[in-house]
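Summary of structural features
Here is what each chain is made of, one letter per residue.
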Amino acid sequence: MELLGLPDGLPEKIRLIEQYLSDELSAADRGTLEVWLNESPRNRVFLESLTNQDSLLERMKEYEQAKAMTGEAKATVHELIREENKAPVRSMSGPSRFWIPAAAMLIIAAGLYIWNNKKNTPGITVQQKSEAIVHDAAPGTYKAKLTLSDGSTIVLDSGGVGRLTQQGNTEVVNKNGGLAYAKGLGKAADAVYNTLTTAKGEIYRLQLSDGSKVWLNSASSVRYPVSFNGSARRVEITGEVYFEVAHLDHNQSFIVMANGIEIRVLGTHFNINAYSDEAAIKTTLLEGRVQVTPTGGKPVTLLPGQQAAVTGKIAELIEHADTEQAIAWKNGYFQFNEADLKTVMKEFGRWYDMEIVYEGKIPQPVFSGKLSRNANASEVLKVLEQNGIRFRIEGKKIIVTQ
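Not measured: the values here are computed from a predicted model.

Summing up its helical and strand segments, the chain has nine helices and 23 strands in all. Split into buried and exposed, the 402 residues of the chain put 53% on the buried side. A fraction of 57% describes how many contacts in the chain between residues 6 or more apart in sequence connect residues 24 or more apart. As displayed, the chain has an accessible area near 18100 Å², and 50% of this comes from carbon and sulfur atoms.

In structure tokens, the structure reads:
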């Protein structure tokens, strides 16, 4: 059964995914699961989303609000339940897991995707066929390139598990779609830097040696020391990156440089959108406190729920920022609030690794709502087509026409 925005063959794989999440997967079943994961990038992205705490909490919050779920969504959920009612549902356990049962989570995900499309696009029905869209593009996946201190590179993906290399006194490990640095005993003699880079259509996460967690959106990078020494922890980014900075007992400050902008923190959660093709560099604070200083400008201090939009030397303070929208990409969604067509298509282009081309006079509707990033390009474009816009996909191009 094919569900909008969800992996192919989902119902019959619920048992395998549930056992994978609870560390009970047999060797034979692991092979079966790997075959399914390799069939499509969206399958692996969907599995990774079920190990993302923030994504699960977001889905559960929406589920609580889904009292008016459409008949179509209910029917899909009920069908999944019927297909899975013979399989026992076990609770997840373990020191790093508080997840709800996997089968229940998958069922909720199926219903919520359809419900969100209905809820966020009033009066719009997703078309089943579109003559304009004759090709397609799969969603992005967990993948990145690690550049070591000597200039050599390692391609990373969620399938590679285990120790990669040693950098100074720090061990570098890749597992489950994430890169981690484990600092050894002793102090590194010299600063050793690595760079993690994602291309368009890629996303990855990183844990630094101090315990800070970093998520990279598509077409982004972060340069960092493998072990932090001195009075400050300094990293440099491009593109869009979300940080959960570890607070250290000795209050060693954490400094992020983004296209000349300095963001200084102690311990906090924040998102930086510093794509070179955006009009402003936006820092959005979810927890803690940060100070944003433009090059040659005055610093601005942010409190939770605020955003600094930096253009040149000026930092504009936005008091009530849409924090949910700012980190939607990290939680597996496209989310827009009265965004124009070019803003929407720019984000699609990054995630699907497609060039956006406009033909003729294009209407200027605004879009509000949420869509799963696990969907193929054709599925999200069909929603936009209900606004009088037409698309066709040719190779690596999405062509927008009237």
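Let us now look at the sheet that holds strand β23 (residues 397-401). Strand order in this open sheet of three strands is β20-β23-β22, and the pairing throughout is mixed. Every other strand in the sheet has two partners, leaving β20 (355-358) and β22 (390-394) as the edge strands with one partner each. Averaged over neighbouring strand pairs, the angle between their axes works out to 25 degrees when direction is ignored. Where β20 lies against β23, four bridges are found, and the strand directions are parallel. Note that in β23 the partner of Y358 across the bridge is V400. Helix α8 (residues 341-352) contacts β20, β22 and β23 of the sheet and is inclined by roughly 150 degrees relative to β20. Running over the sheet, helix α9 (residues 377-385) touches β22 and β23 and is turned about 160 degrees from β22.

Attention now moves to the pairing of strand β7 (residues 202-207). Judged from the two bridges that link them, strand β1 (residues 141-147) and β7 form a sheet pairing that is parallel. If you follow T141 over to β7, its bridge partner there is E202. Of the pairings in the sheet, the one linking strand β5 (residues 178-183) to β7 comprises three bridges and is parallel in character. Bridging across to β7, L179 finds its partner in L206. Both β7 and strand β8 (residues 213-216) contribute to a ladder of four bridges, which runs antiparallel. Bridge pairing in β8 places Q207 opposite K213. Between β7 and β8, which pair antiparallel and follow one another directly, the connecting turn spans five residues, one of which, G211, has a positive phi of 95 degrees.

Moving on, we come to the environment of E355. Inspection of the secondary structure assignment puts E355 in strand β20. On the basis of relative accessible area, E355 is assigned to the partly exposed category, the value being 44%. Each C-alpha atom, one on E355 and one on I399, is 8.3 Å from the other, the two residues being 44 residues apart in sequence. Once residues within four sequence positions are removed from consideration, E355 is found in contact with K396, K397 and I398.

What follows concerns the side chain of S372. Note on placement: S372 falls in strand β21 (residues 366-372). One polar contact links the side chain of S372 to the main-chain amide nitrogen of N374, over a distance of 3.0 Å.

With twelve residues, α8 extends 16 Å from end C-alpha to end C-alpha; this agrees with the ideal 16 Å at 1.5 Å per step. Listed in full, the buried residues belonging to α8 are L341, V344, M345, E347, F348, G349, R350, W351 and Y352.

Another point: the packing of aromatic side chains. Within the structure shown, the criterion is met by nine aromatic pairs. Their ring planes at 15 degrees and their centres at 5.2 Å tell us that F243 and F270 sit as a pair that is stacked. With F243 in strand β10 (residues 232-244) and F270 in strand β13 (residues 269-274), the pair connects residues that are 27 residues apart, well separated along the chain. Take F243 and F270: they sit in the same class, and that class is buried. Pairwise contacts between aromatic rings join F228, F243, F254 and F270 into one cluster. Of note, K342 hangs over the ring of Y358, and the distance from its end group to the ring centre comes to 5.3 Å. The ring of F334 is capped by R373, whose NZ or CZ atom sits 5.5 Å from the centre of that ring.

One can describe the packing of α8 onto α9 by two numbers: an axis separation of 12 Å at closest approach and a directional angle of 170 degrees. Classified by the interaxial angle, the pair formed by α8 and α9 is roughly antiparallel. Two secondary-structure elements touch here, α8 through V344, M345, F348 and Y352 and α9 through A377, V380, L381 and L384. Its residues placed into classes, the contact of α8 with α9 shows eight nonpolar, no polar and no charged.

Rules behind the numbers
Residues numbered from 1 in each chain as written. Predicted model: local features only at pLDDT ≥ 70, side-chain atom pairs only at ≥ 80, totals over all residues. Heavy atoms only, no water. Helix = DSSP H or I, 4+ residues; strand = E, 2+ residues; numbered from the N terminus. Buried < 20%, exposed > 50% of the residue type's maximum accessible area, 1.4 Å probe, protein only. Contact = heavy atoms within 4.5 Å. Areas by Shrake-Rupley, 256 points an atom, 1.4 Å probe, with all protein chains shown as cover. Pairing = 2+ DSSP bridges. Axes fitted to C-alpha atoms, helices over the stretch in contact; angles between N-to-C directions. Polar contact = N/O pair within 3.5 Å; in protein donor to acceptor, adjacent residues only side chain to side chain. Expected span 1.5 Å × (residues − 1). Phe/Tyr/Trp six-rings, centres within 6.5 Å; stacked < 30°, edge-to-face > 60°. Lys NZ or Arg CZ within 6 Å of the ring centre and 35° of its normal. Parallel < 35°, antiparallel > 145°, perpendicular 65-115°, else oblique. Nonpolar A, V, L, I, M, F, W, Y, C, P; charged D, E, K, R; others polar.

Geometry only, nothing functional implied.
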